[in-house]
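# Notes for the structure review
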Amino acid sequence: MKPAAFDYVRAQHLDEALDVLKQQGGEARVIAGGQSLLPMLNMRLAKPAVLVDVMGIPGFGEIRREGDAIVVPAGVRQAKLLARLGLATEQPLLAAALPWVGHYQTRARGTVCGSTAHADPSAEIPLCLVALDGEIRLRSRKKRRSLKASEFFTGMMVTDKAEDELIEAVAFPAAVKGAGYAFREVARRHGDFAIVACAAMATADAIHVAVGAVADRPERRSYPLLEGSALDDALNAFAWELDARDDIHATARLRRDLVRSLGREVIEEALRCRA
Ligand SMILES: Cc1cc2nc3c(=O)[nH]c(=O)nc-3n(C[C@H](O)[C@H](O)[C@H](O)COP(=O)(O)OP(=O)(O)OC[C@H]3O[C@@H](n4cnc5c(N)ncnc54)[C@H](O)[C@@H]3O)c2cc1C
């Protein structure tokens with residue numbers, strides 16, 4: 001199928017994009033890498049009157065450090081973040097998770113902020129944001145605001161973003177000194193969306209584990225340094241707390257089993273990787 005007719009604005013600066021979003025209300029959509037939006041347009045699941053392309057906005061293509069945060073603006077493609085020099089030391093979870101985001105070709109076009117805005121519950125980037133307690137920076141003509149990832153993702157492909165807002169950047173906390181990180185996922189084939197994905201961070205006195213593709217959004221839990229059956233019990237409770245879904249790829253029961261087994265694997269690996 002072909003998309004319904006739309007106007008196209010390639011914004012030359014941020015104010016131009018924000019003006020279009022404000023003037024058009026819900027009729028305008030941001031387009032970044034187009035890897036999720038174009039299929040939706042072609043299937044006519046979305047019929048915006050105007051597409052606002054943010055990829056040419058000055059400054060949107062450069063990753064920067066702000067203290068302990070790795071700030072990734074809206075024009076940064078997933079491949080660029082993955083190729084960042086020293087990423088494996090700067091934030092090992094991102095280095096481990098990004099190769100699982102689609103394929104080489106989709107990462108070369110898709111953006112980090114686009115994946116965040118799309119809010120697929122199986123997507124790896126939203127999972128990393130939740131696991132690391134990262135931040136989403138939103139901007140409209142009226143104001144700037146910043147939300148924790150756990151506040152931003154509110155449901156299945158639903159977020160707290162208003163119609164006149166765009167994601168200006170996301171911020172991932174850089175690695176905490178001495179902490180260990182790990183990521184694992186089960187998918188039918190490499191590059192497919194996850195059936196279950198787990199991310200963990202272990203510090204000297206705490207374990208944080210986050211799970212994607214099970215409920216309608218990624219979820220995170222924090223524990224003291226549990227071991228043995230106490231850790232199994234905690235993961236079992238987490239698996240039951242998640243509103244796991246059946247779909248054509250897996251049953252809710254398989255997903256809960258994977259939360260227990262993958263959850264344990266990532267926690268053990270994160271504990272081992274502590275410096
Ligand atoms: C074959 C294939 C396999 C894939 N596999 C995976 C996978 O395994 N894991 C995974 O996570 N993803 C996967 N994807 C999706 C891919 O990662 C997309 O790149 C990503 O989901 C969207 O990023 P984008 O820049 O292409 O956004 P677009 O497609 O341009 O936009 C997606 C949505 O986000 C909105 N949006 C984009 N940028 C902003 C912004 N700055 N502010 C506000 N709203 C914005 C758009 O309006 C739209 O609603 C796959 C895609 C394909 C085609």
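Note that the structure is predicted; figures quoted are calculated from it, not measured.

## Quick look at the overall build of the chain
Within the chain, the secondary structure is distributed over 11 helices and 14 strands. Compactness check: the chain gives a C-alpha radius of gyration of 19 Å against a globular reference of 19 Å for 275 residues, within 12% of the reference. Each of the 275 residues in the chain was classed as buried or not, and the buried ones make up 50%. The long-range share in the chain, meaning contacts at least 24 apart out of those at least 6 apart in sequence, stands at 60%. Here the chain has roughly 12,800 Å² of accessible surface; of this, 51% comes from carbon and sulfur atoms. One finds the centroid of the 37 positive side-chain charges in the chain at a distance of 4 Å from the centroid of its 36 negative side-chain charges.

## A short note on the site of the ligand
If you check the shell around the ligand, you find 30 residues, and the closest are Val30, Gln35, Leu37, Thr111 and Glu124. With respect to the ligand, the backbone of Gly191 contributes an N or O atom lying 3.3 Å from an oxygen atom. Calculation on the ligand without its partners gives an accessible area of 970 Å², and the protein chains cover 90% of this total. Mapping the ligand onto the cavity grids shows that it belongs to the largest pocket. Elements represented by at least two residues in the shell around the ligand include exactly strand S2 (28-31), helix H7 (112-118) and strand S10 (166-173). The biggest single contributor to the shell around the ligand is H7, with 4 residues. In terms of residue class, the shell around the ligand is made up of 12 nonpolar, 14 polar and 4 charged.

## Some thoughts on the pairing of strand S13 (residues 207-212)
Within S13, 6 of the 6 residues are buried, leaving the element largely enclosed by the surrounding structure. Residues of S13 alternate between two faces, with Ile207, Val209 and Val211 on one and His208, Ala210 and Gly212 on the opposite face, all of them buried. Bridge analysis of strand S12 (residues 196-202) against S13 gives 6 bridges, and the strand direction is antiparallel. Within the sheet, the bridge partner assigned to Ala202 lies in S13 and is Ile207. Two successive antiparallel strands, S12 and S13, enclose a turn made up of 4 residues. Sheet topology places S13 next to strand S14 (residues 219-223); 5 bridges connect them, and they run antiparallel. Paired with His208 across the strands is Ser222, a residue of S14. Where S13 folds back on S14, the antiparallel hairpin that results is connected by 6 residues, among which Ala213 adopts a positive phi of roughly 75 degrees.

## Considerations on the sheet that holds S12
In spatial order, the strands read S11-S12-S13-S14; together these 4 strands make up an open sheet with antiparallel pairing. Both edges of this open sheet fall to strand S11 (180-186) and S14, since each of them pairs with a single strand only. Taken over all neighbouring pairs, the strand axes of this sheet differ in orientation by 15 degrees on average, direction set aside. Relative to S12, helix H11 (residues 252-272) is tilted by about 30 degrees, and along the sheet it contacts S11, S12 and S13.

## Brief notes about the packing of helix H10 (residues 228-241) against H11
Two measures define how a pair of helices packs: the angle their axes make with one another and the distance between the axes. Following both chains from N to C, one finds H10 and H11 inclined at 135 degrees, their axes separated by 9 Å at the closest point. Taken as axis vectors, H10 and H11 run oblique relative to one another. Seen from above, H10 lies across H11 with right-handed handedness. Facing H10, whose interface residues are Gly228, Leu231, Asp232, Leu235, Asn236, Ala239 and Trp240, H11 presents Arg256, Val259, Arg260, Gly263, Arg264 and Ile267.

## Side note on the domain arrangement of the chain
For interface size, the figure often reported is the accessible area lost on association. Annotation of the chain at the domain level lists domain 1 (7-53), domain 2 (64-173) and domain 3 (180-272). Contacts between the two partners involve 23 residues from domain 2 and, on the opposite side, 22 residues from domain 3. Around 2,100 Å² of area is buried between domain 2 and domain 3 when both sides are counted, 67% of it from carbon and sulfur atoms. Considering only the surface of domain 2 that becomes buried against domain 3, Trp100, Pro121 and Leu127 emerge as the three largest contributors, covering 31% of it. Across the contact surface, domain 2 and domain 3 share 5 residue pairs in polar contact (both at pLDDT 80 or more). Mapped by element, the contributors of at least two residues to the side of domain 2 that touches domain 3 are helix H5 (92-97), helix H8 (124-132) and strand S8 (153-155). Ranked by the residues each element gives to the side of domain 2 that touches domain 3, the list is headed by H8, at 6 residues. Grouping the amino acids of the side of domain 2 that touches domain 3 by side-chain chemistry returns 14 nonpolar, 6 polar and 3 charged.

Conventions we followed
- Residues numbered from 1 in each chain as written.
- Predicted model: local features only at pLDDT ≥ 70, side-chain atom pairs only at ≥ 80, totals over all residues.
- Heavy atoms only, no water.
- Helix = DSSP H or I, 4+ residues; strand = E, 2+ residues; numbered from the N terminus.
- Rg over C-alpha atoms; globule rule 2.2 N^0.38 Å.
- Buried < 20%, exposed > 50% of the residue type's maximum accessible area, 1.4 Å probe, protein only.
- Contact = heavy atoms within 4.5 Å.
- Areas by Shrake-Rupley, 256 points an atom, 1.4 Å probe, with all protein chains shown as cover.
- Lys, Arg positive; Asp, Glu negative; His and termini not counted.
- Charge placed at Lys NZ, Arg CZ, Asp CG, Glu CD.
- Near = heavy atom within 4 Å.
- Polar contact = N/O pair within 3.5 Å; in protein donor to acceptor, adjacent residues only side chain to side chain.
- 1 Å grid on protein atoms, 1.4 Å probe; cavity = no way out; pocket = protein on both sides within 12 Å on 5 of 7 lines; lining within 4 Å.
- Sits in = over half its atoms within 2 Å of the grid points.
- Nonpolar A, V, L, I, M, F, W, Y, C, P; charged D, E, K, R; others polar.
- Pairing = 2+ DSSP bridges.
- Axes fitted to C-alpha atoms, helices over the stretch in contact; angles between N-to-C directions.
- Parallel < 35°, antiparallel > 145°, perpendicular 65-115°, else oblique.
- Left-handed = near helix turned anticlockwise from the far one by under 90°.
- Domains from an automatic or database assignment.
- Buried area = accessible area lost by both parts, 1.4 Å probe.

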